[in-house]
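Residues per chain, in single letters:
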Amino acid sequence: VNDSAAHRELARTAARESLVLLKNDNRQLPLRKDLKTIAVIGPNADSLEVLLGNYHGVPSKWTTPLEGIRRKVSPATKVLYALGTTLTGEPLLPVPANALSHDGGKPGLLAEYFDNKDLQGTPAATRVDEQINFDWFTNAPVPQLPLDNFSARWTGQLTAPASGTYELGIRADDAARLYLDDRLFLDGWRDGSAKTVKKPLAMEAGRAYKIRVEFYDRYAAATAKLLWGPPGLAGSLYEDAIAKAKESDVVVMALGLAPSVEGEEMDVKLEGFRGGDRTELNLPKVQEDLLRAVHATGKPVVLLLFSGGGISVNWADANVPAIVQAWYPGEEGGAGIADVLFGDYNPSGKLPVTFYKSASQLPAFDDYRMQGKTYRYFTGDPLYPFGHGLSYTKFEYGKLEVKKRVKAGAYVRVSAEVRNTGASAGDEVVQLYLTDVAASVPVPLRSLRGVQRVSLRPGEARRVTFTLAPRDLTLIDDGGKRILEPGEFNVTIGGKQPGFKGNADAATTGTVSGSFMVTGSKTEIP
């Protein structure tokens, strides 16, 4: 059994348990389901790509954030949607069906599919496609084709609704090219991951331009898209978003990154990126500008962030009341997000990475030392620390129990009581951090040595116990040996790392700390 209802429910559970509530000033969240109007704005609001991430399977159905919100609210609530901007500001969208025709005006383009990558022989299948806007992933477009090494050709006419300079583009994984009036206009005819080739074209309203788009897939994922950017597209998307924000009671903004710009061996030539790597940690500028403009309308804003890594949302942290990190949340990500936004699930996720304020806080990438990297060695002031995550309820910690002196090589039992002191039930992800206070060589500032998720009703308390193995207390000496040294160790149990201020401190949870001494002689641990 695969892709069953039970599996989709599991995907929904995984999505909502992974969401991290980064900020929630004045209890902006959860939202009421009976709001009069909600605006959902942003390039990641209705995207399948941003749900699935990199190296994924393909579900038979999925739920985007927009769809999840539509299903969650009351029947009387109006949900408005606006793209606002493309992911990086490039004014390219799929060419709509009403601009494409064949055989003197019939809707769509004539499509021919070949069972080889060279467009050779008799087509294995022919049909009319309304648009060229396909993400086949690892599937074949039609049953008659193999999963890899196939090709396609679309022919017909392209008609512009208004005169002006259009940005015309093709996006393909692996390859595509576009002929305009029988002349090669765009050439992306080479193997590789998804890439976009584009060029401006002055078009006359009502004129039917003869087009031919050719495509092949050699291996793995397959994508084929015919794109354009009509004159003034960026401005019209922006204006539509602002207008819908002004109509709403609350704005949910779905921003961040996506696998099309964040990934391996990619052809991304944008500010802040080098291929699929990132040279900056900020939101793309067009998204930041849109966020500021929507915020300036005075409407309450909830920011949904999508990415595979941390994003430096410093302005949002200072100005937006509620921020949720959604990652790439899977096929039922939109349902899980809606569960959290509207209070049907109390968020409990914790950050598995540090969110830095900027890339300048990090050493150069080719510096292979650990100093200054990750929560274990970073001494600066992060935007949100590793382990950070808020809740709609509040957890308090106390009654730490640990032996004051333990013999080298013995197991160490550490426990603490966690109590839900808020008004709603919730999960808490309890974390244990350990610090070797008097090591003979440089060691981490702290290391995560245990994690447990517990569910607590309002007022309920539970003792959470961890057992530290001898290896958990070791260091690597200058000779490369794993050594357990006698001396003092500090231990903290809580729902966060201790010692941070402002929004970097998770106010809805706590910590409790203590120490113990390891006695005996230095011991090598295998």
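Computed from a predicted structure; not experimentally measured.

J.: Can you help me understand helix 3 (residues 65-72) in this one?
T.: Note: α-helices contain 3.6 residues per turn, so residues at a spacing of three or four share the same orientation. Listed as buried for helix 3 are Pro-65, Leu-66, Gly-68, Ile-69 and Lys-72. Mapping the buried residues of helix 3 onto a view down its axis gives an arc of 165 degrees, with all of them on the same face.

J.: Please clarify how the nonpolar core should be interpreted in this entry.
T.: Within soluble globular proteins, side chains that are nonpolar generally end up buried alongside one another. With 69 residues, the main nonpolar core has Leu-29, Ile-41, Met-253, Leu-291, Val-294, Leu-303 and Leu-341 as its most contacted residues. Ignoring anything within four residues of it in the chain, the contact list for Leu-303 reads Met-253, Leu-255, Leu-291, Ala-316, Val-320, Ala-322, Ile-323 and Val-324. Grouped together as the second largest cluster of nonpolar side chains are 37 residues, Leu-109, Trp-136, Tyr-166 and Ala-176 included.

J.: Even after reading the chapter, I still don't get the sheet that holds strand 2 (residues 37-41), so can you show me in this structure?
T.: Strand pairing in a sheet relies on backbone hydrogen bonds. The paired strands run either parallel or antiparallel. Across the sheet, 6 strands lie side by side as 1-21-20-17-2-3; this open sheet has mixed pairing. Of all strands in the sheet, those bounded by a partner on one side alone are strand 1 (20-24) and strand 3 (78-82). The mean angle between the axes of side-by-side strands here comes to 15 degrees, regardless of whether they run parallel or antiparallel. Looking at chain direction, strand 2 and strand 17 (residues 250-256) are connected through 4 bridges and run parallel. Each bridged residue has a counterpart across the sheet, and for Ile-41 the counterpart in strand 17 is Met-253. Running at roughly 170 degrees to strand 3, helix 3 makes contact with strand 2, strand 3, strand 17 and strand 20 (301-306) of the sheet.

J.: Looking at this model, I keep getting lost on the packing of aromatic side chains. Mind explaining?
T.: The geometry of an aromatic ring pair is captured by two quantities: the separation of the ring centres and the angle between the planes. For the coordinates displayed, the defined rule picks out 16 aromatic pairs. Seen from their ring centres, Tyr-113 and Trp-154 are 6.1 Å apart, and the 85 degrees between their planes marks the pair as edge-to-face. With Tyr-113 in strand 7 (residues 109-114) and Trp-154 in strand 10 (residues 150-159), this pair connects stretches of sequence that are 41 residues apart. On the basis of relative accessibility, which here comes to 0%, the residue Tyr-113 falls in the buried class. In this structure Trp-154 comes out as buried when scored by relative accessible area, which is 0%. With centroids separated by 4.9 Å and ring planes inclined at 80 degrees, the aromatic side chains of Tyr-356 and Phe-378 adopt a geometry described as edge-to-face. Here Tyr-356 is found in the loop between helix 7 (333-341) and helix 8 (374-377), whereas its partner Phe-378 is found in the loop between helix 8 and strand 22 (395-402), with 22 residues between them in sequence. Take Tyr-356 and Phe-378: they sit in the same class, and that class is buried.

The rules behind these values
- Residues numbered from 1 in each chain as written.
- Predicted model: local features only at pLDDT ≥ 70, side-chain atom pairs only at ≥ 80, totals over all residues.
- Heavy atoms only, no water.
- Buried < 20%, exposed > 50% of the residue type's maximum accessible area, 1.4 Å probe, protein only.
- Helix = DSSP H or I, 4+ residues; strand = E, 2+ residues; numbered from the N terminus.
- Arc of directions from axis to C-beta.
- Core = buried A, V, L, I, M, F, W, Y, C linked by side-chain atoms within 4.5 Å.
- Contact = heavy atoms within 4.5 Å.
- Pairing = 2+ DSSP bridges.
- Axes fitted to C-alpha atoms, helices over the stretch in contact; angles between N-to-C directions.
- Phe/Tyr/Trp six-rings, centres within 6.5 Å; stacked < 30°, edge-to-face > 60°.

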